[in-house]
Amino acid sequence: MTRHFLRDDDLTQAEQTAILDLAEQIKADRWGRKPLAGPQTVAVIFDKSSTRTRVSFAVGIADLGGVPLIISTANSQLGGKETASDTARVLERQVAAIVWRTYAQSGLVEMAADTTVPVINALSDEFHPCQLLADLLTIREHKGTLAGLTLAFLGDGADNMVHSYLLAGATAGMHVRIACPADYMPDERIVSDADAIAVQTGGSVTIYTDPLEAVAGVDVVVTDTWVSMGKEEEKAARVASLSPYKVDADMMALAKPDAIFLHCLPADRGYEVTGEVIDGPQSVIWDEAENRLHAQKALLVWLLEQ
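Quick summary incoming for the structure in this document.

Reading the values: rules and limits
- Residues numbered from 1 in each chain as written.
- Predicted model: local features only at pLDDT ≥ 70, side-chain atom pairs only at ≥ 80, totals over all residues.
- Heavy atoms only, no water.
- Axes fitted to C-alpha atoms, helices over the stretch in contact; angles between N-to-C directions.
- Helix = DSSP H or I, 4+ residues; strand = E, 2+ residues; numbered from the N terminus.
- Parallel < 35°, antiparallel > 145°, perpendicular 65-115°, else oblique.
- Left-handed = near helix turned anticlockwise from the far one by under 90°.
- Contact = heavy atoms within 4.5 Å.
- Nonpolar A, V, L, I, M, F, W, Y, C, P; charged D, E, K, R; others polar.
- Pairing = 2+ DSSP bridges.
- Salt bridge = Lys/Arg side-chain N within 4 Å of Asp/Glu carboxyl O.
- Buried < 20%, exposed > 50% of the residue type's maximum accessible area, 1.4 Å probe, protein only.
- Core = buried A, V, L, I, M, F, W, Y, C linked by side-chain atoms within 4.5 Å.
- Right-handed = clockwise from strand over helix to strand, strands pointing away.

## Concerning the packing of helix 1 (residues 13-28) against helix 12 (residues 285-304)
In contact at an axis separation of 8 Å, helix 1 and helix 12 are set at 120° when each is read in the N-to-C sense. Taken together, the axis directions place helix 1 and helix 12 in an arrangement best described as oblique. Helix 12 is crossed by helix 1, and the crossing has right-handed handedness. When helix 1 is examined against helix 12, the residues Glu15, Ala18, Ile19, Leu22, Ala23, Ile26 and Lys27 are found in contact with a partner set consisting of Glu290, Asn291, His294, Ala295, Lys297, Ala298, Leu299, Val301 and Trp302. When the residues that make up the contact of helix 1 with helix 12 are grouped by side-chain class, the tally is 10 nonpolar, 2 polar and 4 charged.

Encoded structure:
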(Lines give C-alpha, C1' and ligand atoms only; values in the text may rest on other atoms or scores of the structure.)
Protein backbone atom coordinates (compact mmCIF):
# COMPACT_ATOMS: atom_id res chain seq x y z
CA MET A 1 0.00 0.00 0.00
CA THR A 2 1.38 3.41 -0.99
CA ARG A 3 2.09 5.70 1.95
CA HIS A 4 1.51 9.44 1.71
CA PHE A 5 2.40 12.37 3.98
CA LEU A 6 -0.52 14.79 3.90
CA ARG A 7 -0.72 15.77 7.57
CA ASP A 8 1.53 15.29 10.57
CA ASP A 9 -0.46 12.48 12.16
CA ASP A 10 -0.04 10.31 9.08
CA LEU A 11 3.00 9.10 11.05
CA THR A 12 2.98 7.18 14.32
CA GLN A 13 5.42 8.15 17.04
CA ALA A 14 7.72 5.26 16.04
CA GLU A 15 7.57 6.26 12.37
CA GLN A 16 8.25 9.91 13.15
CA THR A 17 11.25 8.88 15.24
CA ALA A 18 12.52 6.60 12.46
CA ILE A 19 12.41 9.45 9.93
CA LEU A 20 14.19 11.83 12.30
CA ASP A 21 16.85 9.18 12.99
CA LEU A 22 17.28 8.74 9.25
CA ALA A 23 17.52 12.53 8.80
CA GLU A 24 20.40 12.64 11.26
CA GLN A 25 22.17 9.87 9.35
CA ILE A 26 21.60 11.61 6.02
CA LYS A 27 22.82 14.94 7.42
CA ALA A 28 26.04 13.24 8.57
CA ASP A 29 26.52 11.54 5.16
CA ARG A 30 24.76 13.84 2.71
CA TRP A 31 25.30 11.85 -0.48
CA GLY A 32 25.23 8.35 1.00
CA ARG A 33 21.68 7.43 -0.10
CA LYS A 34 20.62 7.29 -3.77
CA PRO A 35 17.10 5.79 -3.91
CA LEU A 36 16.30 7.95 -6.95
CA ALA A 37 19.34 6.85 -8.95
CA GLY A 38 18.50 6.29 -12.59
CA PRO A 39 17.83 9.15 -12.39
CA GLN A 40 14.17 8.98 -11.39
CA THR A 41 12.03 12.12 -11.43
CA VAL A 42 10.01 13.69 -8.62
CA ALA A 43 7.27 16.17 -9.55
CA VAL A 44 7.35 19.25 -7.29
CA ILE A 45 4.22 21.35 -7.87
CA PHE A 46 3.77 24.94 -6.68
CA ASP A 47 0.49 26.81 -6.39
CA LYS A 48 2.21 29.31 -4.09
CA SER A 49 5.51 31.16 -4.20
CA SER A 50 8.35 29.56 -2.26
CA THR A 51 12.00 29.87 -1.32
CA ARG A 52 12.89 27.24 1.32
CA THR A 53 10.48 24.58 0.05
CA ARG A 54 11.56 24.96 -3.56
CA VAL A 55 15.28 24.97 -2.81
CA SER A 56 15.25 22.18 -0.23
CA PHE A 57 13.19 19.78 -2.34
CA ALA A 58 15.09 20.53 -5.57
CA VAL A 59 18.47 20.10 -3.89
CA GLY A 60 17.34 17.10 -1.84
CA ILE A 61 15.96 15.19 -4.83
CA ALA A 62 19.22 15.81 -6.70
CA ASP A 63 21.22 14.66 -3.66
CA LEU A 64 19.22 11.41 -3.68
CA GLY A 65 20.19 10.77 -7.31
CA GLY A 66 16.98 12.05 -8.89
CA VAL A 67 15.71 14.90 -11.03
CA PRO A 68 13.29 17.50 -9.61
CA LEU A 69 10.58 18.45 -12.10
CA ILE A 70 9.38 21.87 -10.89
CA ILE A 71 5.82 22.59 -12.06
CA SER A 72 3.94 25.85 -11.61
CA THR A 73 0.18 25.41 -11.71
CA ALA A 74 0.04 28.76 -13.50
CA ASN A 75 1.68 27.00 -16.45
CA SER A 76 -0.07 23.61 -16.21
CA GLN A 77 -3.56 22.18 -16.48
CA LEU A 78 -3.85 21.29 -12.78
CA GLY A 79 -6.62 23.25 -11.11
CA GLY A 80 -7.86 24.57 -14.41
CA LYS A 81 -8.84 22.09 -17.08
CA GLU A 82 -7.69 19.02 -15.14
CA THR A 83 -8.61 17.62 -11.73
CA ALA A 84 -6.07 16.63 -9.11
CA SER A 85 -6.98 12.97 -9.53
CA ASP A 86 -6.50 13.05 -13.31
CA THR A 87 -3.18 14.84 -12.89
CA ALA A 88 -2.07 12.18 -10.41
CA ARG A 89 -2.88 9.40 -12.87
CA VAL A 90 -0.78 11.10 -15.53
CA LEU A 91 2.16 11.76 -13.22
CA GLU A 92 2.34 8.32 -11.61
CA ARG A 93 3.27 6.79 -14.96
CA GLN A 94 6.38 8.97 -15.11
CA VAL A 95 7.51 10.07 -11.64
CA ALA A 96 8.58 8.37 -8.40
CA ALA A 97 6.74 10.79 -6.08
CA ILE A 98 4.63 13.95 -6.10
CA VAL A 99 5.27 16.96 -3.87
CA TRP A 100 2.61 19.68 -3.85
CA ARG A 101 2.54 23.14 -2.22
CA THR A 102 -1.06 24.22 -2.48
CA TYR A 103 -4.06 25.88 -0.86
CA ALA A 104 -6.89 23.48 0.06
CA GLN A 105 -6.01 20.27 1.89
CA SER A 106 -8.83 18.59 -0.06
CA GLY A 107 -6.79 18.75 -3.27
CA LEU A 108 -3.97 16.76 -1.68
CA VAL A 109 -6.44 14.20 -0.38
CA GLU A 110 -7.95 13.85 -3.85
CA MET A 111 -4.55 13.46 -5.48
CA ALA A 112 -3.36 10.85 -2.97
CA ALA A 113 -6.54 8.82 -3.34
CA ASP A 114 -5.88 8.17 -7.01
CA THR A 115 -2.16 7.55 -7.32
CA THR A 116 0.25 4.70 -6.67
CA VAL A 117 3.22 6.96 -5.87
CA PRO A 118 3.77 8.85 -2.60
CA VAL A 119 2.17 12.30 -2.34
CA ILE A 120 3.80 14.81 0.03
CA ASN A 121 2.16 17.93 1.42
CA ALA A 122 4.76 20.67 0.98
CA LEU A 123 2.30 23.15 2.57
CA SER A 124 -1.45 23.62 2.57
CA ASP A 125 -3.77 26.10 4.23
CA GLU A 126 -4.28 23.62 7.08
CA PHE A 127 -0.88 21.99 7.64
CA HIS A 128 2.87 22.35 7.04
CA PRO A 129 4.11 18.86 7.99
CA CYS A 130 7.48 18.95 6.19
CA GLN A 131 8.40 22.07 8.14
CA LEU A 132 7.56 20.28 11.37
CA LEU A 133 9.92 17.41 10.58
CA ALA A 134 12.67 20.00 10.15
CA ASP A 135 11.65 21.76 13.37
CA LEU A 136 11.61 18.54 15.37
CA LEU A 137 15.00 17.58 13.96
CA THR A 138 16.36 20.98 15.02
CA ILE A 139 14.91 20.69 18.52
CA ARG A 140 16.39 17.20 18.88
CA GLU A 141 19.81 18.45 17.78
CA HIS A 142 19.81 21.21 20.40
CA LYS A 143 17.95 19.45 23.21
CA GLY A 144 18.86 15.79 22.69
CA THR A 145 15.28 14.59 22.91
CA LEU A 146 11.68 15.52 22.15
CA ALA A 147 9.45 13.61 24.56
CA GLY A 148 8.75 15.62 27.70
CA LEU A 149 9.89 18.97 26.34
CA THR A 150 7.52 21.95 26.55
CA LEU A 151 7.01 24.17 23.51
CA ALA A 152 5.05 27.40 23.26
CA PHE A 153 3.75 28.86 20.00
CA LEU A 154 2.74 32.52 20.21
CA GLY A 155 0.61 34.28 17.61
CA ASP A 156 -2.10 33.25 15.16
CA GLY A 157 -3.57 30.04 16.54
CA ALA A 158 -5.46 29.28 13.31
CA ASP A 159 -2.16 29.18 11.40
CA ASN A 160 -1.20 26.01 9.50
CA MET A 161 2.01 25.85 11.56
CA VAL A 162 -0.05 25.70 14.75
CA HIS A 163 -2.09 22.80 13.42
CA SER A 164 1.08 20.95 12.51
CA TYR A 165 2.71 21.73 15.85
CA LEU A 166 -0.33 20.35 17.65
CA LEU A 167 -0.27 17.07 15.75
CA ALA A 168 3.49 16.58 15.35
CA GLY A 169 4.32 17.78 18.85
CA ALA A 170 1.74 15.49 20.41
CA THR A 171 3.03 12.61 18.29
CA ALA A 172 6.54 13.28 19.63
CA GLY A 173 5.31 13.23 23.23
CA MET A 174 5.87 16.96 23.74
CA HIS A 175 3.81 19.39 25.82
CA VAL A 176 2.49 21.86 23.27
CA ARG A 177 1.17 25.24 24.37
CA ILE A 178 -0.60 27.55 21.92
CA ALA A 179 -1.06 31.18 22.93
CA CYS A 180 -3.40 33.23 20.75
CA PRO A 181 -6.32 35.69 20.91
CA ALA A 182 -9.82 34.30 21.20
CA ASP A 183 -10.54 35.25 17.58
CA TYR A 184 -7.52 33.28 16.29
CA MET A 185 -8.06 29.87 17.86
CA PRO A 186 -6.92 26.62 16.20
CA ASP A 187 -9.42 24.28 14.56
CA GLU A 188 -11.23 22.40 17.33
CA ARG A 189 -11.10 19.15 15.35
CA ILE A 190 -7.34 19.32 15.11
CA VAL A 191 -7.02 20.13 18.82
CA SER A 192 -9.18 17.08 19.54
CA ASP A 193 -7.02 14.90 17.29
CA ALA A 194 -3.87 16.16 19.02
CA ASP A 195 -5.39 15.51 22.46
CA ALA A 196 -6.13 11.92 21.47
CA ILE A 197 -2.56 11.42 20.25
CA ALA A 198 -1.09 12.97 23.41
CA VAL A 199 -2.96 10.48 25.57
CA GLN A 200 -1.03 7.71 23.82
CA THR A 201 2.39 9.40 23.77
CA GLY A 202 2.53 11.11 27.17
CA GLY A 203 2.40 14.59 25.70
CA SER A 204 -0.21 17.28 26.20
CA VAL A 205 -1.95 20.14 24.42
CA THR A 206 -3.01 23.38 26.11
CA ILE A 207 -4.55 26.51 24.58
CA TYR A 208 -3.92 29.88 26.24
CA THR A 209 -4.96 33.45 25.59
CA ASP A 210 -2.28 34.81 27.94
CA PRO A 211 1.14 34.66 26.18
CA LEU A 212 3.05 35.29 29.41
CA GLU A 213 1.48 32.26 31.06
CA ALA A 214 2.07 30.10 28.00
CA VAL A 215 5.78 30.91 27.62
CA ALA A 216 6.69 30.57 31.31
CA GLY A 217 9.39 27.94 31.80
CA VAL A 218 9.24 26.42 28.31
CA ASP A 219 12.10 24.76 26.44
CA VAL A 220 11.16 26.03 22.96
CA VAL A 221 9.53 29.27 21.80
CA VAL A 222 8.02 29.46 18.33
CA THR A 223 6.17 32.01 16.26
CA ASP A 224 5.18 32.55 12.63
CA THR A 225 4.20 35.46 10.43
CA TRP A 226 0.99 37.22 11.40
CA VAL A 227 0.11 37.92 7.76
CA SER A 228 0.18 34.80 5.62
CA MET A 229 -0.13 34.77 1.83
CA GLY A 230 -3.59 35.88 0.77
CA LYS A 231 -4.29 37.77 4.02
CA GLU A 232 -2.40 40.97 3.28
CA GLU A 233 -5.58 43.08 3.40
CA GLU A 234 -6.03 41.99 7.05
CA LYS A 235 -2.61 43.24 8.17
CA ALA A 236 -3.73 46.23 10.24
CA ALA A 237 -6.35 44.23 12.12
CA ARG A 238 -4.00 41.33 12.66
CA VAL A 239 -1.21 43.51 13.99
CA ALA A 240 -3.61 45.14 16.43
CA SER A 241 -4.87 41.80 17.75
CA LEU A 242 -1.58 39.91 17.78
CA SER A 243 0.84 42.55 19.09
CA PRO A 244 0.71 41.21 22.68
CA TYR A 245 2.11 37.93 21.32
CA LYS A 246 5.27 39.42 19.84
CA VAL A 247 8.39 37.49 20.78
CA ASP A 248 10.87 39.99 22.15
CA ALA A 249 13.70 39.78 24.70
CA ASP A 250 11.29 40.18 27.62
CA MET A 251 9.12 37.35 26.35
CA MET A 252 12.13 35.05 25.84
CA ALA A 253 13.30 35.83 29.38
CA LEU A 254 10.19 34.10 30.73
CA ALA A 255 11.22 30.81 29.10
CA LYS A 256 14.00 28.63 30.46
CA PRO A 257 17.46 30.23 30.27
CA ASP A 258 18.52 27.64 27.68
CA ALA A 259 15.31 27.86 25.66
CA ILE A 260 15.65 28.01 21.89
CA PHE A 261 13.71 30.13 19.40
CA LEU A 262 12.29 28.82 16.11
CA HIS A 263 10.58 30.52 13.15
CA CYS A 264 9.84 28.78 9.86
CA LEU A 265 10.56 31.99 7.89
CA PRO A 266 10.06 34.35 6.16
CA ALA A 267 9.88 36.61 9.20
CA ASP A 268 8.38 40.09 9.45
CA ARG A 269 11.05 41.54 11.72
CA GLY A 270 9.56 43.95 14.22
CA TYR A 271 6.12 42.38 14.05
CA GLU A 272 5.87 38.78 15.35
CA VAL A 273 9.53 38.78 16.46
CA THR A 274 12.17 41.40 17.12
CA GLY A 275 15.53 41.44 15.40
CA GLU A 276 17.16 41.12 18.81
CA VAL A 277 15.59 37.66 19.24
CA ILE A 278 15.80 36.36 15.69
CA ASP A 279 19.52 37.24 15.49
CA GLY A 280 20.24 36.45 19.13
CA PRO A 281 22.04 33.52 20.77
CA GLN A 282 18.86 31.54 21.46
CA SER A 283 17.73 31.60 17.84
CA VAL A 284 18.30 28.40 15.84
CA ILE A 285 16.41 29.50 12.73
CA TRP A 286 19.29 28.93 10.30
CA ASP A 287 19.76 25.36 11.53
CA GLU A 288 15.99 24.99 11.17
CA ALA A 289 16.05 26.27 7.57
CA GLU A 290 18.91 23.93 6.63
CA ASN A 291 17.15 20.99 8.23
CA ARG A 292 14.32 21.24 5.71
CA LEU A 293 16.80 19.63 3.30
CA HIS A 294 17.79 16.73 5.54
CA ALA A 295 14.32 16.04 6.95
CA GLN A 296 12.67 16.00 3.51
CA LYS A 297 15.36 13.74 2.08
CA ALA A 298 14.74 11.34 4.96
CA LEU A 299 10.98 11.52 4.36
CA LEU A 300 11.42 10.71 0.66
CA VAL A 301 13.74 7.80 1.40
CA TRP A 302 11.35 6.43 4.02
CA LEU A 303 8.26 6.73 1.79
CA LEU A 304 10.01 5.16 -1.20
CA GLU A 305 11.06 2.19 0.93
CA GLN A 306 7.55 1.41 2.22
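## Some remarks on the sheet that holds strand 4 (residues 119-123)
Overall, parallel pairing links the 4 strands, which are arranged 2-1-3-4 in an open sheet. The open sheet terminates on both sides in strands that have one partner only, identified here as strand 2 (67-72) and strand 4. Along the sheet, successive strands turn relative to each other by an average axial angle of 20°, direction set aside. Two elements, strand 3 (residues 97-101) and strand 4, share 4 bridges in a ladder whose sense is parallel. By the bridge assignment, valine 99 is partnered in strand 4 with isoleucine 120. Strands strand 1 (41-46), strand 3 and strand 4 of the sheet are contacted by helix 4 (residues 105-113), whose axis makes an angle of about 165° with strand 4.

## Regarding the pattern of salt bridges
Scanning all chains against the criterion turns up 15 salt bridges. As a salt-bridge pair, aspartate 187 and arginine 189 come within 2.6 Å of each other at their nearest N and O atoms. Residue class for arginine 189 comes out exposed when judged on its relative accessible area of 59%. Linking arginine 269 and aspartate 279 is a salt bridge whose minimum nitrogen-to-oxygen distance equals 2.7 Å. In this pair, arginine 269 is assigned in the loop between strand 9 (260-263) and helix 11 (275-278) and aspartate 279 in the loop between helix 11 and helix 12, connecting sequence segments 10 residues apart.

## Overview of the nonpolar core
Phe57, Ile139, Leu166 and Met174 are the most contacted members of the largest nonpolar core, which totals 62 residues. Once residues within four sequence positions are removed from consideration, phenylalanine 57 is found in contact with Val44, Val99, Ile120, Ala122, Cys130, Gln296 and Leu300. Of all hydrophobic cores here, the second largest spans 20 residues; its members include Ala152, Val215, Val218 and Ile285.

## Considering the pairing of strand 3
As a general feature of sheets, a regular strand has side chains that alternate between the two faces. For strand 3, the buried fraction is high: 5 of the 5 residues fall into the buried class. Side chains of strand 3 alternate between two faces, with Ala97, Val99 and Arg101 and Ile98 and Trp100 buried alike. Taken together, strand 3, helix 4 and strand 4 form a β-α-β motif whose crossover is right-handed.

## Regarding the pairing of strand 1
Here strand 1 lies mainly inside the structure; 5 of its 6 residues are buried. Examined bridge by bridge, strand 1 and strand 2 share 6 bridges and lie parallel to one another. Note that in strand 2 the partner of valine 42 across the bridge is proline 68. In the classification by handedness, the crossover that spans strand 1, the intervening helix 2 (residues 52-63) and the parallel strand 2 is right-handed. Direction of pairing for strand 1 relative to strand 3: parallel, over a ladder of 5 bridges. Counterpart to valine 44 in the pairing with strand 3 is valine 99.

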